[in-house]
Amino acid sequence: MTTKNRAPAVTVICGHYGAGKTNVAVNFAIDARGTGLPVYLADADIVNPYFRAADAAEMLCGYGVEPLIPLFANSNVDIPALPPMLTSLLEGNGNEIIFIDVGGDDGSVVLGRYAEAIRRRGYEMFFVINRYRPLTARPEDAAECAREIESASGLKVTGIVNNSSLGEETTADDILGSIGYAEATARIMGVPLIGHTYIPDITGQFSGDPRFGGLTLIPMRRATKALF
Amino acid sequence: MPDHGNGKCVEVAEKVLMKGNEAIAEAAINAGCLYYFGYPITPQTEISEYMAKRMPKVGGLCLQAESEISAINMTMGAAASGTRAMTSSSSPGISLKSEGISYIAGCDLPCLIVNVQRGGPGLGGIQPSQSDYYQATRGVGHGDLRLIVLAPSSVQEMASLTAEAFDLADTYRMPAMLLADGALGQMMEPVDFSLFEKRDVPEKEWAANGHGGKRKKNIINSLFIDPQELENSVVARYERYKKVEENEVKYEEFMTDDADIVLVAFGITARVAKSAITAVRESGIKAGLLRPITLWPFPKGAIGAIADRAKIFLTVEMNMGQMIDDVRLAVGGKCPVDGYTRTGGIIPSVDEVEDKIRRIAASL
């Protein structure tokens, strides 16, 4: 898994609304535990009232990842709060690995206040894309969204994660249908394509499927809550 | 797929993954809505955000008004021009709109009002709720009036019922409401925009859209000085309401054929109810679901018919028990009607509902 090898001090997970940032952030943070270093995942989503990294707190703790959650996440308090400990972590010089799950689109404006510290610590910023999200369904629209995020956050996207999915209905064909889109987005942005995610629970395993030969596949665990 | 003017067609893939709120907005644009007036409130603000991005591309207007009250009155003005218009809000915002909704009903104007419900009363909370059932079906504004009220249960239905609401509003020249909740607004599911059916709707000969001296002017008004004239206008409106009740009732039945215990649930709780029914069926408990899709007109005929063969009804609602009144009226005393409710923004879990059904089954 790519994140194990890269493991910079800070990894920012950004993207369009509903691209699946939280799922990617939770999974990458859990995978980063393979480095043996302490791993934190900060929920810095100021735009999404319900489905967010705070939902996965129990799962993260189970894997030894420390969740940093705003005090009022998932409560009835409708204010854009950030986890206070994130500042101390970023401004320190510890050996920990910090993942930051930011809100969609201009929700990334919260990164501005941390940008200097993030740059000082060294970072990757992965832009999560989903071909089946209508407003970013064309590579040029996805790239435009990424540029807006870069502008709001003061940080540069360093890699693309193709998280294309139709939720529970996702098939292998849906993922195959997104490969060209992901490659084109990475090409326009001039950054590497980190890989293509899939949830084996939903799509099944792709090992041995020749159509996926030569692609970097990233199997993921489910991290969002089911209501029914 | 439809393309609107110089705006790009949004359906790049056959199916897209959308939040419920986005699906409402895109479906409205697909249905030819050209005016959206809103004011932000969680958990429906994505409708405004999506409209702000898309409306300029289809030659329409998305305007953030200075308040919910302004937004509903702007919607009234736009609807008076005969163009498809809509507004959206969440519970407290709908209360603010109630005067305008009454005026729209009094003026016989078709438009769409979306309520993505959150907890109440008062400022309540931002978590999902169904506690505006009474408001939507009984008291959404002063005076003798009805709204057509549609209750989606999936993101696909957030889209398809938005389109249907516009058609119904135009057909019967009255406002329609989409009554969703925060969970449906925020959750993401695939949507296929090719599945919609469109109706032929009547020409809007009443529209105040400029006559150029070629016809008598149209006046849109809800004020009647003469009581007899007001009574006539209300009675005429109720004749149309009667036609809606005769022709537009929608519901879904799930395993009701042999059901002893019939659950009645709408929106998100119908999803919970279905899972619970599937679970108890495995242990031989004969449970089924009637899901009202139109809350007004309410499927009282269908419920009454099931009441002839069922042993008990169980409503599941995210409020203190509001729809249960309509179920009781429809059942007409033929069998008992029980209720399972959660409120405050809490969605009942499948386990809770399953447990309630099992306890009822044990008592039969």
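Residues numbered from 1 in each chain as written. Chains lettered and ligands numbered in written order. Predicted model: local features only at pLDDT ≥ 70, side-chain atom pairs only at ≥ 80, totals over all residues. Heavy atoms only, no water.

Details of the overall build of chain B
In step 1: Helices and strands together make up the secondary structure of chain B, namely 12 helices and 14 strands.
In step 2: For 364 residues, the compact-globule formula gives about 21 Å, and the C-alpha radius of gyration of chain B, at 21 Å, lands near that figure.
In step 3: Its C-alpha atoms give chain B principal-axis dimensions of roughly 75 × 55 × 40 Å.
In step 4: Within the span of chain B, comprising 364 residues, buried residues form 59% of the whole.
In step 5: For chain B, the proportion of contacts with a sequence separation of at least 24, taken over those separated by at least 6, is 79%.
In step 6: Counting every atom, chain B has about 14100 Å² of accessible surface; 51% of that belongs to carbon and sulfur.
In step 7: One finds the centroid of the 38 positive side-chain charges in chain B at a distance of 2 Å from the centroid of its 46 negative side-chain charges. (Helix = DSSP H or I, 4+ residues; strand = E, 2+ residues; numbered from the N terminus. Rg over C-alpha atoms; globule rule 2.2 N^0.38 Å. Buried < 20%, exposed > 50% of the residue type's maximum accessible area, 1.4 Å probe, protein only. Contact = heavy atoms within 4.5 Å. Areas by Shrake-Rupley, 256 points an atom, 1.4 Å probe, with all protein chains shown as cover. Lys, Arg positive; Asp, Glu negative; His and termini not counted. Charge placed at Lys NZ, Arg CZ, Asp CG, Glu CD.)

Considerations on the packing of helix H3 (residues 68-80) of chain B against helix H4 (residues 91-106) of chain B
All names here are of chain B.
In step 1: Packing of H3 against H4 brings their axes to within 8 Å, and their N-to-C directions diverge by 25 degrees. Considering their axes alone, H3 and H4 lie roughly parallel with respect to each other. The two elements H3 and H4 meet at a crossing, and its hand is right-handed. The residues of H4 that touch H3, namely those facing Glu68, Ile69, Ala71, Ile72, Asn73 and Met76, are Gly93, Leu96, Lys97, Gly100, Ile101, Tyr103 and Ile104.
In step 2: In terms of residue class, the contact of H3 with H4 is made up of 8 nonpolar, 3 polar and 2 charged. (Axes fitted to C-alpha atoms, helices over the stretch in contact; angles between N-to-C directions. Parallel < 35°, antiparallel > 145°, perpendicular 65-115°, else oblique. Left-handed = near helix turned anticlockwise from the far one by under 90°. Nonpolar A, V, L, I, M, F, W, Y, C, P; charged D, E, K, R; others polar.)

Considerations on the pattern of salt bridges
A side chain of one charge can pair with a side chain of the opposite charge if their charged atoms are brought near each other.
Residue and element names in this part refer to chain B.
In step 1: Enumeration over the complete set of coordinates arrives at 35 salt bridges over all chains.
In step 2: Taking the shortest distance from any N to any O, the salt bridge between Arg54 and Glu26 comes out at 2.9 Å. In this pair, Arg54 is assigned in helix H2 (residues 45-54) and Glu26 in helix H1 (residues 20-30), connecting sequence segments 28 residues apart.
In step 3: By relative accessible area, which is 1% here, Glu26 ends up buried.
In step 4: Asp260 is the partner of Lys311 in a salt bridge, and the nearest nitrogen-oxygen pair spans 3.9 Å. Here the residue Lys311 occupies a position in the loop between helix H10 (300-307) and strand E13 (312-317), and Asp260 occupies one in the loop between strand E9 (251-254) and strand E10 (261-264), the gap between them amounting to 51 residues.
In step 5: With relative accessibility at 47%, the residue Lys311 sits in the partly exposed group.
In step 6: Connected through salt bridges with shared partners, the residues Arg84, Asp167, Asp170 and Lys204 form a single ionic network. (Salt bridge = Lys/Arg side-chain N within 4 Å of Asp/Glu carboxyl O.)

Describing the domain arrangement of chain B
All names here are of chain B.
In step 1: By the assigned domains, chain B splits into domain 1 (16-247) and domain 2 (252-363).
In step 2: A combined buried area of about 2400 Å² lies between domain 1 and domain 2, and 55% of that area is made up of carbon and sulfur atoms.
In step 3: The interface formed by domain 1 and domain 2 includes 4 salt bridges.
In step 4: For Arg291, the salt bridge identified is with Glu157, shortest N-O distance 2.8 Å.
In step 5: Taken together, domain 1 and domain 2 are joined by 18 residue pairs in polar contact (both at pLDDT 80 or more).
In step 6: Tallied by class, the residues present in the side of domain 1 that touches domain 2 amount to 17 nonpolar, 7 polar and 7 charged. (Domains from an automatic or database assignment. Buried area = accessible area lost by both parts, 1.4 Å probe. Polar contact = N/O pair within 3.5 Å; in protein donor to acceptor, adjacent residues only side chain to side chain.)

Quick look at empty space enclosed by the protein
In step 1: Within this structure, the stated rule accounts for 3 cavities of 30 Å³ or more.
In step 2: In this model, the largest cavity occupies a volume close to 50 Å³.
In step 3: Forming the boundary of the largest cavity are His16(A), Tyr17(A), Leu135(A), Glu22(B), Glu46(B), Glu49(B), Tyr50(B) and Lys53(B).
In step 4: Broken down by element, the lining of the largest cavity gets its largest block of residues, 4 residues, from H2(B).
In step 5: Of the residues that constitute the lining of the largest cavity, the class distribution is 3 nonpolar, 1 polar and 4 charged. (1 Å grid on protein atoms, 1.4 Å probe; cavity = no way out; pocket = protein on both sides within 12 Å on 5 of 7 lines; lining within 4 Å. Points joined across faces, edges and corners; volume = space filled by probe spheres on them.)

With respect to the interface of chain B and chain A
In step 1: Facing the 33 residues of chain B at the interface are 27 residues of chain A.
In step 2: At the surface where chain B touches chain A, the tally comes to 3 salt bridges.
In step 3: Notably, a salt bridge pairs Arg133(A) with Glu22(B), separated by 2.6 Å at the nearest N-O pair.
In step 4: Inspection of the region where chain B meets chain A yields 6 residue pairs in polar contact (both at pLDDT 80 or more).
In step 5: Every element with two or more residues in the side of chain B that touches chain A is listed here: strand E1 (16-19), H2, helix H7 (182-186), strand E8 (188-191) and helix H9 (268-281) of chain B.
In step 6: Per-class residue counts for the side of chain B that touches chain A are 18 nonpolar, 7 polar and 8 charged.

Things to note about a nonpolar patch on the surface
All names here are of chain A.
In step 1: Judged by side-chain polarity, Leu71, Phe72, Val77 and Ile79 come together as a nonpolar surface patch covering roughly 380 Å² of accessible area.
In step 2: One can find Phe72 in the loop between strand E3 (65-68) and helix H4 (85-91).
In step 3: The exposure class assigned to Phe72 is partly exposed, which follows from its relative accessible area of 38%. (Patch = residues over 30% accessible without salt bridge, like charges linked within 9 Å, V, L, I, M, F, W, Y side chains within 5 Å.)

Brief notes about the confidence of the model for chain A
In step 1: Of the residues in chain A, 96% have a pLDDT of 70 or more, and the chain-wide mean is 90.
In step 2: Here residues 1-6 of chain A is modelled with pLDDT under 50, and outside its nearest four sequence neighbours on either side it reaches 13 contacts, counting other chains as well. (pLDDT = per-residue confidence, 0-100.)

Quick word on H1(B)
Structural remark: α-helix, 3.6 residues per turn; residues separated by three or four positions point the same way.
In step 1: The buried fraction of H1(B) is high, at 11 of 11 residues.
In step 2: Once H1(B) finishes, Gly32(B) follows within two positions and takes phi at roughly 90 degrees, a positive value.

Some thoughts on unusual backbone geometry
All names here are of chain B.
In step 1: Here the amide bond leading from Gly120 into Pro121 is cis, since omega sits at 0 degrees, within 30 degrees of zero.
In step 2: Summarising the element assignment, Pro121 is placed in the loop between strand E5 (112-117) and helix H5 (133-137).
In step 3: In the Ramachandran plot, Asp108 falls in the positive-phi region, its phi being about 55 degrees despite a non-glycine side chain.
In step 4: With respect to the helices and strands, Asp108 occurs in the loop between H4 and E5.
In step 5: Asp108 gets classed as buried once you look at its relative accessible area, which sits at 15%.
In step 6: Within the chain, Arg173 stands out as a residue other than glycine whose phi angle is a positive 50 degrees.
In step 7: Inspection of the secondary structure puts Arg173 in the loop between helix H6 (155-172) and strand E7 (176-181).
In step 8: What makes Arg173 partly exposed here is its relative accessible area of 25%.

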